[in-house]
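Spelled out from the first residue to the last, the chains are:
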Amino acid sequence: MEYEPVIGLEVHAQLLTESKIFCGCSTQFGAEPNHNTCPVCMGLPGVLPVLNKRVVEYALKTALATHCRIAAHSRWARKNYFYPDLPKGYQISMYELPIAEHGYLDVPLQSQTDQTKRVRLTRIHMEEDAGKNIHDARGDASLVDLNRTGVPLLEIVSEPDIRSPEEAGAYLRSLRSLLRYLEVCDGNMEEGSLRCDANVSIRPRGSAEFGTRTEIKNVNSFRAVEKAIQYEIGRQIQATEAGETIVQETRLWDAEREVTRSMRSKEFAHDYRYFPDPDLLPLVVDHGWVTELKTSLPELPTDRQERFIRDYGLPAYDAAVLTAHKEVAEYYEQAVRAHPVDPKAMSNWVMDSVLRVLKDDRLDLHISRWPCPPEHLAQLVSLIHDGKISGKIAKTVFDKMHESGQPPQAIIQARGLWQVSDSDTLDAQIDQVMADNPDKVVAYRGGKEKLLGFFIGQVMRATGGKANPQLLNQLLKKKLDS
Ligand SMILES: [Zn+2]
């Protein structure tokens, strides 16, 4: 039988606020354990939470950018469970009345760049993060770090619209890109500011019913998400074929062995005994504020992609790659503004060379930390365009730019890499090569025209690759044919 996977993702995005959601403590990553804490976020008795307005603003921006319906009234709920990293015994979240519902995200698919897949969003709500238990630091005790308690999170829940691991990866990349454009989350999966749980089930292809789903918890890289889902689909198909029943449960991704394993049977929602938080008023969002936020939204990735195709005549593929990261898109635009003659050539340089070296240096999200400003790249492309250097030499120059941060002109000057476009110099080189290879000259003139390539190669070698190829071609033909 042929099976179809049904996948929904729950993404937790840490919001880029300076202080926590219900107190003034700092949210800075990497502080000393338990340094960013106070009675409120440690859950001491008798304290009251005070909502951070910035958190609501970021939630609203995300909701607007994903076409969600924003609730005029939403309500905070207590999600009760006991765990040492949650000293209050409950987490403040939203349950029945979330701030936003029924949105969608149009996800560009990497395999077919002119196609997008619409993934509907069930809901978006705000909640506080829990702390962190550290079990292996000492042999005889577990430690707890409460710096994360009360750090604001946005939970973004998709409908089960995703049909393959690749689509899941594309959705997650797209969502991260959007959150970064909005500047509400840094999207750093390694530091845990973007976390993902995946709900996976299978059903016979063509069936409308859902199979029993399992939830894979806290997968922390794009690759891991795709691999974990791939594994889980395979496991469920195998179990079903063997006549076993899939049980609803939570599973963990074991990145070392590349398998998912059972963590616990899935709790049902009533296990959490959700109830409205009596310490917080229902959240009433002012309509005027929403309108104001809507007009303040930046240009979003899909809009920018369309504009790149329209304004710069780029293929859809280029536009998708260049706009995936806001910083990269801005880098490209600045470079094109400095040298507007050939936007496609500039796109090739950014995609092939700039993104490659940034990936090697793990800087692909931080192009602004790269020592070559867009003006340098613009200069390089302009020098090629004007025939001052060859495309081949330009690759060498680019590598030096990457290493040293120097502008291309300085590198070309210091190394004498200017293209030789002076016909007297080239004529002299051609004469020399012809004199050294009289038999080949005779053969060429006897009809072996393929030998032209040989002569070009010889002159190129003699000039260290710096001969202007068009001019050389022209001069050579003239001499050989005379
Ligand atoms: Zn605090």
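For the structure itself, consult the block above.
Here the structure is a predicted model, which is why all the values come from computation and not from measurement.

Enquirer: Whenever I open this one, the overall build of the chain confuses me. Can you help?
Expert: What the chain contains, in helices and strands, is 15 helices and 16 strands. By the compact-globule yardstick of 23 Å for 482 residues, the chain is too spread out, its C-alpha radius of gyration being 30 Å. In terms of overall dimensions, the chain has C-alpha extents of about 95 × 55 × 50 Å along its principal axes. Burial statistics for the chain: of 482 residues in total, 50% are counted as buried. Sequence-distant contacts in the chain: of pairs separated by 6 or more residues, those separated by 24 or more amount to 69%. Accessible surface computed for the chain: about 24,200 Å², of which carbon and sulfur atoms make up 49%.

Enquirer: So what exactly am I meant to see when it comes to the sheet that holds strand β4 (residues 76-80) here?
Expert: Across a sheet, strands are paired by hydrogen bonds formed along the backbone, either parallel or antiparallel in direction. Here we have 3 strands laid out as an open sheet, ordered β5-β4-β15, and antiparallel in their pairing. The sheet is open, and its two borders are formed by β5 (90-94) and β15 (275-276), each paired with just one other strand. Two strands pair when backbone bridges link them, and β4 and β15 are joined in this way by 2 bridges, in the antiparallel orientation. Bridge pairing in β15 places A77 opposite P276.

Enquirer: Explain the packing of aromatic side chains to me, please; I cannot follow it from the model alone.
Expert: Each aromatic ring pair is summarised here by two numbers: the centre-to-centre distance and the angle between the ring planes. Counted according to the given criterion, the structure contains 12 aromatic pairs. Seen in terms of ring centroids, F22 and W76 are 5.4 Å apart; in terms of plane orientation they differ by 80 degrees. Their pairing is edge-to-face. Note that F22 is positioned in the loop between β1 (3-14) and α1 (53-65) and W76 in strand β4, a separation of 54 residues in sequence. Note on F22: relative accessible area 4%, which makes it buried. The exposure class of W76 is buried, given its relative accessible area of 2%. Here K79 stacks its cationic end above the ring of Y272, 4.5 Å away from the centre of that ring.

Enquirer: Hey, could you run me through the coordination of the zinc ion in this one?
Expert: The textbook angles at a metal center are 109.5 degrees for a tetrahedron of four donors and 90 or 180 degrees for an octahedron of six. The protein atoms that coordinate the zinc ion are C23 (SG), C25 (SG), C38 (SG) and C41 (SG), at distances of 2.3 to 2.4 Å. Taken together, the 4 donor atoms surrounding the zinc ion define angles of 99 to 114 degrees at the centre, an arrangement classified as tetrahedral. Positions of the donor residues of the zinc ion, expressed as sequence spacing, correspond to C-x1-C-x12-C-x2-C. Here C23, found in the loop between β1 and α1, pairs with C38, found in the loop between β1 and α1; they are 15 residues apart in sequence, far enough to count as distant. Each of the two residues, C23 as well as C38, counts as buried.

Enquirer: Please clarify how the side chain of Q14 should be interpreted in this entry.
Expert: Note that Q14 resides in strand β1. For Q14, a relative accessible area of 14% puts it in the buried group. One polar contact links Q14 to R148, side chain to side chain, over a distance of 3.1 Å. The residues contacting Q14, other than those within four sequence positions of it, are T27, R148, V151, P152, L153, V184, C185 and S193.

Enquirer: Just to check I follow, could you spell out the pairing of β5 for this structure?
Expert: The side chains of a regular strand alternate, first on one face of the sheet and then on the other. Of all 5 residues in β5, 5 are buried, a share of seventy percent or more. Burial along β5 is two-sided: the residues Y90, I92 and M94 and Q91 and S93 are all buried. With 5 bridges joining them, β4 and β5 adopt antiparallel strand pairing. For N80, the partnering residue across the bridge sits in β5 and is Y90.

Enquirer: How do you make sense of the packing of helix α14 (residues 452-462) against helix α15 (residues 469-481) when you look at a structure like this?
Expert: In helix packing, the relevant descriptors are the interaxial angle and the interaxial distance, both defined with respect to the helix axes. Where α14 meets α15, the closest approach of the two axes is 10 Å, and the angle between their N-to-C directions is 125 degrees. Considered as vectors, α14 and α15 are oriented oblique to each other. Helix-helix and strand crossings are classified by hand; for α14 and α15 the assignment is right-handed. Of α15, the residues touching α14 (which contributes L452, F455, I456, V459 and M460) are P469, L472, N473, L476, K477 and L480. Class assignment of the residues belonging to the contact of α14 with α15 gives a composition of 9 nonpolar, 1 polar and 1 charged.

Enquirer: Before we go on, may I ask you to explain the nonpolar core in this structure?
Expert: Side chains of nonpolar character tend, in soluble globular proteins, to be buried together. By size, the foremost hydrophobic cluster in this structure holds 66 residues, and its most contacted members are L9, W76, I99, M126, Y171 and I229. Beyond its immediate sequence surroundings of up to four residues, Y171 is in contact with L9, V11, L105, V107, V119, L121, I156, S158 and I162. In terms of nonpolar packing, the next biggest core, distinct from the first, is built from 37 residues, A335, V350, L377 and A394 among them.

Enquirer: Sorry if this is basic, but what is going on with the packing of helix α13 (residues 438-445) against α15 here?
Expert: Packing of α13 against α15 leaves a shortest axis separation of 10 Å and a crossing angle of 85 degrees. Viewed along their axes, α13 and α15 adopt a mutual orientation that is roughly perpendicular. Counting all contacts with α13, which are made through V441, Y444 and R445, the residues of α15 involved are K479, L480 and D481.

Enquirer: What is the right way to read helix α10 (residues 391-404) from this model?
Expert: In an α-helix there are 3.6 residues to a turn, and that puts residues three or four apart on one side. Under the 1.5 Å per step criterion, the end-to-end length of α10 is 20 Å for 14 residues, consistent within 8% with the ideal 20 Å. Three or more residues of α10 are buried, namely I393, A394, V397, F398, M401 and H402. With its phi angle positive at about 75 degrees, G405 sits one or two positions after the end of α10.

Enquirer: Looking at this structure, I do not really get the state of the cysteines. What am I missing?
Expert: Chemically, a disulfide is nothing more than a covalent bond linking the sulfur atoms of two cysteines. Per the counting criterion, the structure on display carries 0 disulfides. The cysteine C68 is free of any disulfide, with C185 supplying the nearest cysteine sulfur at 16 Å.

Basis of the calculations
- Residues numbered from 1 in each chain as written.
- Predicted model: local features only at pLDDT ≥ 70, side-chain atom pairs only at ≥ 80, totals over all residues.
- Heavy atoms only, no water.
- Helix = DSSP H or I, 4+ residues; strand = E, 2+ residues; numbered from the N terminus.
- Rg over C-alpha atoms; globule rule 2.2 N^0.38 Å.
- Buried < 20%, exposed > 50% of the residue type's maximum accessible area, 1.4 Å probe, protein only.
- Contact = heavy atoms within 4.5 Å.
- Areas by Shrake-Rupley, 256 points an atom, 1.4 Å probe, with all protein chains shown as cover.
- Pairing = 2+ DSSP bridges.
- Phe/Tyr/Trp six-rings, centres within 6.5 Å; stacked < 30°, edge-to-face > 60°.
- Lys NZ or Arg CZ within 6 Å of the ring centre and 35° of its normal.
- Donors = N, O, S within 2.8 Å, 3.2 Å for Na, K, Ca; no water.
- Tetrahedral: all angles 85-135°; square planar, octahedral: opposite > 155°, others 65-115°.
- Polar contact = N/O pair within 3.5 Å; in protein donor to acceptor, adjacent residues only side chain to side chain.
- Axes fitted to C-alpha atoms, helices over the stretch in contact; angles between N-to-C directions.
- Parallel < 35°, antiparallel > 145°, perpendicular 65-115°, else oblique.
- Left-handed = near helix turned anticlockwise from the far one by under 90°.
- Nonpolar A, V, L, I, M, F, W, Y, C, P; charged D, E, K, R; others polar.
- Core = buried A, V, L, I, M, F, W, Y, C linked by side-chain atoms within 4.5 Å.
- Expected span 1.5 Å × (residues − 1).
- Disulfide = S-S within 2.5 Å.

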